[in-house]
Amino acid sequence: MPPSTTIGPTLHVRGRILGEEDLRIEGRVDGAIELSETLIVEESGIVVAEVQARDVVVRGIVVGNVTATDSVTLDAGAKLMGDIEAPRVILADGAAFKGSVKVTGAAPRPRARTSAGAKANRSRASAIPRVRAARPEAPVPEQDEPTVVVRRKDVQAAGRGETKAAKKAPPRPAPASAGKATKKKAAKKKVRPKVPSRKKRKVSRR
Amino acid sequence: MANTVIGSTIVIDGEISGEEDLTVLGTVKGRIGLREHIHVEPTGVIEANIETATITVEGTVTGDIHATERAELKSNCRVVGDIRAPRILIADGASFKGNVDMEG
């Protein structure tokens, strides 16, 4: 039987507690606590002490500064008066806290998580564009690219077309009809060249 | 009744008081005042004066023991200090150095 260390609800410890295992406090401790593992202050627990541990979980009352090498968690119903110093600090809804929080350099565990996650994200992010880039490339030559190209050339053609049409239009319609008609036809011709140009290009490419 | 356990790697330097059973596998220095039972396991080390109702020692105790009911020293235990209790049991193989007072 490896019973975990527990300070029972009626127990009152005045002094210093050192240890290298989990400690559960249901009673009261005045003084100091130094652990290399997890300290749990249960709902009935009262700790008036400087606390140092790897992880600290508070569901009861703690008065004093809390330093953790990994995390400090205040669950609902927890009351903490003192400063917190830890790489990870978790305050649950319903926890009461008065003091300052100092989030120190991240512990190796969460760092590994975040860096691994970041790397994973980066690799995903780098992978996704490749896939996305690869997908459009295949269908584009058949379907999309002509429209895209046409649009670009449309704009260019429209720009050129206006100038060309404006230059070319007058000589063609001029002999057939006069003034107002030439302007309308010129306007129509601005539109017209775009349509056959698409078809011609599509056909020519296919 | 909730049971208090002091684990094998735990060191308490100070005073423990309460009204429940206490099992010690680690180290306690200072003073212990309980109204119930104290069990000092083979790995337990107590360097303190003890006041309790009953106590069973399998480990090491250095200090005076005052039990209002019973004190039991198991074999292989080591006790240095005075024992004051109405009923005292010292098993074969127990190491004990100190005075015994059974008058209360």
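Here's what I pulled together on the structure shown here. Predicted model only: the values in this text are computed from it and were never measured.

## Some details on the pattern of salt bridges
Going through the model one piece at a time under the given rule, you end up with 13 salt bridges over all chains. For A:Arg88, the salt bridge goes to A:Asp70, with nearest N and O atoms at 2.9 Å. With a gap of 18 residues between them, A:Arg88 in strand 11 (residues 88-91) and A:Asp70 in strand 8 (residues 66-74) connect regions that are remote in the sequence. Between B:Arg70 and B:Glu72 there is a salt bridge, and its shortest N-O distance comes to 3.0 Å. With relative accessibility at 25%, the residue B:Arg70 sits in the partly exposed group. The network of salt bridges with common partners includes A:Arg24, A:Glu42, A:Arg59 and A:Asp75.

## Digging into the interface of chain A and chain B
At the interface, 22 residues of chain A touch 24 residues of chain B. Regarding the contact of chain A and chain B, the summed buried area is about 1,600 Å², with carbon and sulfur atoms giving 55% of it. Interface area lost by chain A to chain B is led by A:Thr10, A:Leu11 and A:Arg14, which between them contribute 30%. Our count for the contact surface shared by chain A and chain B stands at one salt bridge. Among the salt bridges present, the one from B:Glu15 reaches A:Arg14, with a minimum N-O distance of 2.9 Å. Applying the counting rule to chain A against chain B returns 12 residue pairs in polar contact (both at pLDDT 80 or more). For the side of chain A that touches chain B, the secondary-structure elements that each account for two or more residues are strand 1 (5-7) and strand 2 (12-19) of chain A. By residue number, the principal contributor to the side of chain A that touches chain B is strand 2 of chain A, which donates eight residues.

Reading the values: the criteria
Residues numbered from 1 in each chain as written. Chains lettered and ligands numbered in written order. Predicted model: local features only at pLDDT ≥ 70, side-chain atom pairs only at ≥ 80, totals over all residues. Heavy atoms only, no water. Salt bridge = Lys/Arg side-chain N within 4 Å of Asp/Glu carboxyl O. Helix = DSSP H or I, 4+ residues; strand = E, 2+ residues; numbered from the N terminus. Buried < 20%, exposed > 50% of the residue type's maximum accessible area, 1.4 Å probe, protein only. Contact = heavy atoms within 4.5 Å. Buried area = accessible area lost by both parts, 1.4 Å probe. Polar contact = N/O pair within 3.5 Å; in protein donor to acceptor, adjacent residues only side chain to side chain.

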